[in-house]
Amino acid sequence: SDEPTSDVYLEGIRVTSIINLSEAGAKNVMIVKCRAENIHLYGIVEDITVRQSVFGSIGGRGYVANNFVVENTWVSSINGFAAESSVAIDHSMMDIYQSGPYYYTNCITWNWNEPEGVTMYNCILQKGNIVNCTRVDCWTYFGGYSSLFTDGTDCNWGDNRTWELANPDSFIGNDGTQI
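Residues numbered from 1 in each chain as written. Predicted model: local features only at pLDDT ≥ 70, side-chain atom pairs only at ≥ 80, totals over all residues. Heavy atoms only, no water.

### Details of the overall build of the chain
Working step 1: Looking only at helices and strands, the chain has one helix and 16 strands in total.
Working step 2: Partitioning the intrachain contacts of the chain with sequence separation of at least 6 by distance along the chain shows that 12% fall at a separation of at least 24.
Working step 3: Working note: accessible area of the chain is about 8,500 Å², and carbon and sulfur atoms make up 44% of it. (Helix = DSSP H or I, 4+ residues; strand = E, 2+ residues; numbered from the N terminus. Contact = heavy atoms within 4.5 Å. Areas by Shrake-Rupley, 256 points an atom, 1.4 Å probe, with all protein chains shown as cover.)

Next comes the structure, spelled out in structure tokens:
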């Protein structure tokens, strides 16, 4: 279609492949408690929220994202958005950081590259040699993840994982919230 995908609410959907949003772009889309291999966004996207979901990746395909928000989500990577985008990731778990216009708050990350143009607040980071991004009140965690979480030995997704921190009082951000 030549019209953007708009005013869409998806909840509780599990797809074993890829969710593709319109080549004409997307506006006012909310994806809640969904699971899929990937989400591919085509065209300019605006006012998109992904919440409480699990995705292999979310890819912007080089397009602009205005007010793209990811909350309480496990995702391997978020990438491919144009530099003038506004992409906010909050209380989520990421496998790979990519360079770009990404603003992370209260996230846990592992196995990532040195991102440029990224801002991170109150995040737990696996590596400490990040020099190409802005970090404020972040923790560098060199211990194994078996000591970070009470229910697992790694950061792989599992349907029964609780992701409960073993020492939650050690990871309180300057905004007063737990990571």
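### Let's talk about the pairing of strand 4 (residues 35–41)
Working step 1: Most of strand 4 is tucked away: five of the seven residues are buried.
Working step 2: The pairing of strand 2 (residues 18–21) with strand 4 spans four bridges and is parallel. In the sheet register, I19 faces strand 4, and the bridge partner there is I39.
Working step 3: In this structure, strand 4 lies alongside strand 6 (residues 54–59), joined through five bridges in parallel fashion. Across the sheet, the residue bridging to I39 is I58, located in strand 6. (Buried < 20%, exposed > 50% of the residue type's maximum accessible area, 1.4 Å probe, protein only. Pairing = 2+ DSSP bridges.)

### Topic: the pairing of strand 6
Working step 1: Counting buried positions along strand 6 gives five out of six residues, so the element sits mostly inside the fold.
Working step 2: Where strand 6 and strand 8 (residues 74–79) come together, five bridges link them in parallel fashion. Residue pairing in the sheet places I58 in a bridge with I78 of strand 8.

### Focus: the packing of aromatic side chains
Working step 1: Applying the stated criterion across every chain yields a total of four aromatic pairs.
Working step 2: An angle of 40 degrees between the planes, with centres 5.2 Å apart, marks the rings of F68 and F81 as tilted. In this pair, F68 is assigned in strand 7 (residues 65–71) and F81 in the loop between strand 8 and strand 9 (87–90), connecting sequence segments 13 residues apart. Both residues of the pair, F68 and F81, belong to the buried class.
Working step 3: Among the aromatic residues, those joined into a cluster by ring pairs are F68, F81, Y102 and Y104. (Phe/Tyr/Trp six-rings, centres within 6.5 Å; stacked < 30°, edge-to-face > 60°.)

### Side note on unusual backbone geometry
Working step 1: Phi at K33 takes a positive value of approximately 50 degrees, unusual for a residue other than glycine.
Working step 2: Tracing the backbone shows K33 in the loop between strand 3 (26–32) and strand 4.
Working step 3: We classify K33 as partly exposed; its relative accessible area is 47%.
Working step 4: The residue N106 is not glycine, and still its phi comes out positive at about 55 degrees.
Working step 5: Within the secondary structure layout, N106 lies in the loop between strand 11 (102–105) and strand 12 (108–109).

### Some remarks on the environment of Y104
Working step 1: Structurally, Y104 can be placed in strand 11.
Working step 2: Taking the C-alpha atoms as reference points, Y104 and M94, separated by 10 residues in sequence, lie 9.9 Å from one another.

### Focus: the nonpolar core
Working step 1: Counting 31 residues, the largest nonpolar core has F55, I58, F68, I78, F81, I89 and Y104 as its most contacted members.
Working step 2: By size, the runner-up hydrophobic cluster in this structure holds 14 residues, among which are I108, W163, F171 and I179. (Core = buried A, V, L, I, M, F, W, Y, C linked by side-chain atoms within 4.5 Å.)

### A short note on the sheet that holds strand 13 (residues 119–121)
Working step 1: Within the open sheet, the eight strands sit side by side as 1-3-5-7-9-11-13-15. Their pairing is parallel. At either margin of the open sheet sits one strand with a lone partner, and together these are strand 1 (5–11) and strand 15 (134–136). The mean angle between the axes of side-by-side strands here comes to 5 degrees, regardless of whether they run parallel or antiparallel.
Working step 2: Note: strand 13 against strand 15, three bridges, orientation parallel. From the neighbouring strand, M120 faces strand 15, where its bridge partner is R135. (Axes fitted to C-alpha atoms, helices over the stretch in contact; angles between N-to-C directions.)

### Structural notes on the layout of surface pockets
Working step 1: By volume, the largest pocket is sized at about 350 Å³.
Working step 2: In terms of lining residues, the largest pocket is bounded by 21 residues, among which N72, H91, S92, M93 and W163 are the most central. (1 Å grid on protein atoms, 1.4 Å probe; cavity = no way out; pocket = protein on both sides within 12 Å on 5 of 7 lines; lining within 4 Å. Points joined across faces, edges and corners; volume = space filled by probe spheres on them.)

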